[in-house]
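Take a look at the letters that make up each chain.
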Amino acid sequence: MVALDRLVDVLGSLGTHLACAPKGRDAELRGVALHDPAENTPAAAGDVLLGLGTASVAAAARLVSSTVASAVVLHGRPPLDERVIAAAKKSGAAVLLVDPSVPWSQLANVTQTLVNGGTRTGDLFGLADVIAGVVGGPVTIEDQQSRVLAYSYRQQDVDPVRVQTILGRRVPEEARRALDEYGVFTHLASSDEPIFVPKLTPQLGNRLVAAVRAGRELLGSVWVEVTGPVDAARSAALVDGARTAALHLLRSRASTDLERQAEADLVIRLLEHPESADVARLGLPSADLRVIAVQAHAGEGEHGAAVLAFQRATAGFGWSRPGRSALFGNVLYTVIPAADDAVGWVRSLVRELPAEATVLAGIGGPAEATQLPTSRQEADECLALSTGAPVVYDDAWAQVLLQRLAAVAEAGRLPTRGPISNILRYDAEYGTQYAMTLKAWLAAQGDVRTAARELKVHPNTLRYRMQKMAEVTPLPLDDPDQRLAMAIALSITR
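Structure report, in brief. None of the values given here were measured: they were computed from a predicted structure.

1. Describing the overall build of the protein
- When helices and strands are counted, the protein shows 18 helices and 17 strands.
- A buried classification covers 49% of the 494 residues belonging to the protein.
- When contacts within the protein are restricted to residue pairs at least 6 apart in sequence, long-range pairs at least 24 apart make up 59% of them.
- Looking at the protein as shown, the accessible area adds up to about 24500 Å², and 52% of this sits on carbon and sulfur atoms.

2. Some remarks on the packing of helix H15 (residues 434-443) against helix H18 (residues 480-491)
- Following both chains from N to C, one finds H15 and H18 inclined at 125°, their axes separated by 10 Å at the closest point. Here H15 lies oblique to H18, going by the angle between them. For the pair H15 and H18, the crossing hand works out as left-handed. Of the residues in H18, those in contact with Ala435, Leu438, Lys439, Trp441 and Leu442 of H15 are Arg483, Met486, Ala487, Leu490 and Ser491.
- Broken down by class, the residue content of the contact of H15 with H18 amounts to 7 nonpolar, 1 polar and 2 charged.

3. Description of H15
- Extensive coverage of H15 is indicated by the burial of 7 of its 10 residues.
- When H15 is considered as a whole, its buried residues turn out to be Tyr434, Ala435, Thr437, Leu438, Ala440, Trp441 and Leu442.
- On its buried side, H15 packs onto helix H14 (419-430), helix H16 (448-455), helix H17 (459-472) and H18.
- Just downstream of H15, Gln445 is the residue with a positive phi angle, here 55°.

Basis of the calculations
Residues numbered from 1 in each chain as written. Predicted model: local features only at pLDDT ≥ 70, side-chain atom pairs only at ≥ 80, totals over all residues. Heavy atoms only, no water. Helix = DSSP H or I, 4+ residues; strand = E, 2+ residues; numbered from the N terminus. Buried < 20%, exposed > 50% of the residue type's maximum accessible area, 1.4 Å probe, protein only. Contact = heavy atoms within 4.5 Å. Areas by Shrake-Rupley, 256 points an atom, 1.4 Å probe, with all protein chains shown as cover. Axes fitted to C-alpha atoms, helices over the stretch in contact; angles between N-to-C directions. Parallel < 35°, antiparallel > 145°, perpendicular 65-115°, else oblique. Left-handed = near helix turned anticlockwise from the far one by under 90°. Nonpolar A, V, L, I, M, F, W, Y, C, P; charged D, E, K, R; others polar.

Have a look at this one:
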């Protein structure tokens with residue numbers, strides 16, 4: 001069961017628009033039905049009815065008018081025809097319009113997974129209440145990063161850490177360190193048996209904890225605040241509750257993975273073929289966008305940190321996230337409105353990753369939706385320049401330009417003969433520092449004292465080097481075009 005509002009958010013990534021909702025967006029959806037014009041299969045109240053075979057407005061209006069389903073999905077583009085709107089007001093069914101290019105099979109797959117297999121956060125809250133009643137103590141259900149997914153209704157007389165955990169939606173760092181030092185997380189990683197944790201700090205009371213696991217994979221944990229050690233029956237009840245929580249989390253992940261894949265497909269299309277992509281499907285504006293390119297590495301795993309970064313970037317579906325993301329190879333690409341703080345977005349992502357992860361990021365310049373491939377190229381080039389802090393094209397365009405010219409030079413498309421080539425060969429053969437000296441002199445615009453300070457040599461030393469350089473090769477220093485060309489050639493020399 002899922003709310004209509006949730007369905008609208010998810011299907012929005014497939015180019016779906018809520019055209020009308022006579023009974024509001026809070027309607028509960030309990031099943032999925034397919035319209036068959038040949039058999040006239042009825043839908044039940046609470047169903048999402050997929051309107052196959054409604055090729056005309058008249059057919060769509062008849063279907064919407066006669067159904068008892070809570071929502072009807074039709075192929076088409078806004079605005080919705082007035083005849084269908086009138087039919088919807090008569091039956092009370094919400095009408096969703098999906099882009100005709102989206103196959104019914106894909107739409108049915110996503111809808112069925114979400115409605116029949118998905119889980120609302122409220123289901124986990126209800127489970128927390130059940131566990132609290134059976135085991136006898138306030139409960140929180142947390143993920144692997146100690147973030148709160150749900151908690152029981154009764155939280156009276158709890159310790160300060162429990163209050164901070166619920167209010168902050170995460171276990172406080174000091175308490176997490178104490179639990180880690182006690183070996184709680186090591187135990188959860190390897191055992192399904194509950195562990196009793198005594199009062200470790202004045203603010204952290206007794207806990208009974210059990211792992212939430214699917215096979216060998218740790219999905220999270222269930223925490224019960226208790227007054228002391230509990231008997232075997234209550235421990236067994238906690239294990240049963242943890243197994244039920246695993247089912248909820250697996251179903252939730254299944255629907256989330258479908259959403260991620262649909263989003264990623266649209267983002268990749270937008271970055272590669274923007275003329276054929278519909279940015280509105282992603283809930284993004286058509287102008288003033290940026291592309292962020294992120295690489296994450298941790299340990300020996302080649303792509304593990306990148307996958308984790310993608311999961312963190314796409315956590316929290318709906319329109320609460322500023323960006324839309326795709327993982328392409330080992331690079332996470334995120335399209336974000338230019339008005340948002342792209343650097344802040346990267347920093348918030350870094351905080352969600354393991355402390356040992358190395359994260360590099362490049363941020364492309366502002367672009368219209370049709371110019372996003374250009375912003376992506378800029379993001380890639382800035383990523384190549386990154387050594388830690390995010391590199392923003394707006395600030396680093398000069399380095400990007402020189403990087404492009406260096407790539408051209410390495411491909412053999414720049415002149416290989418001339419004064420700079422002669423000086424570089426001379427330096428290599430005799431161990432002189434003429435190229436460095438000339439570069440400093442050009443950067444100082446011919447000011448000998450400034451260039452000497454940069455090189456940390458005496459001005460007379462610099463003058464002597466310039467004289468000797470002129471003996472190696474002709475230096476047309478009086479020609480501004482020649483000086484510019486020499487400065488560029490020196491800047492792109494690797």
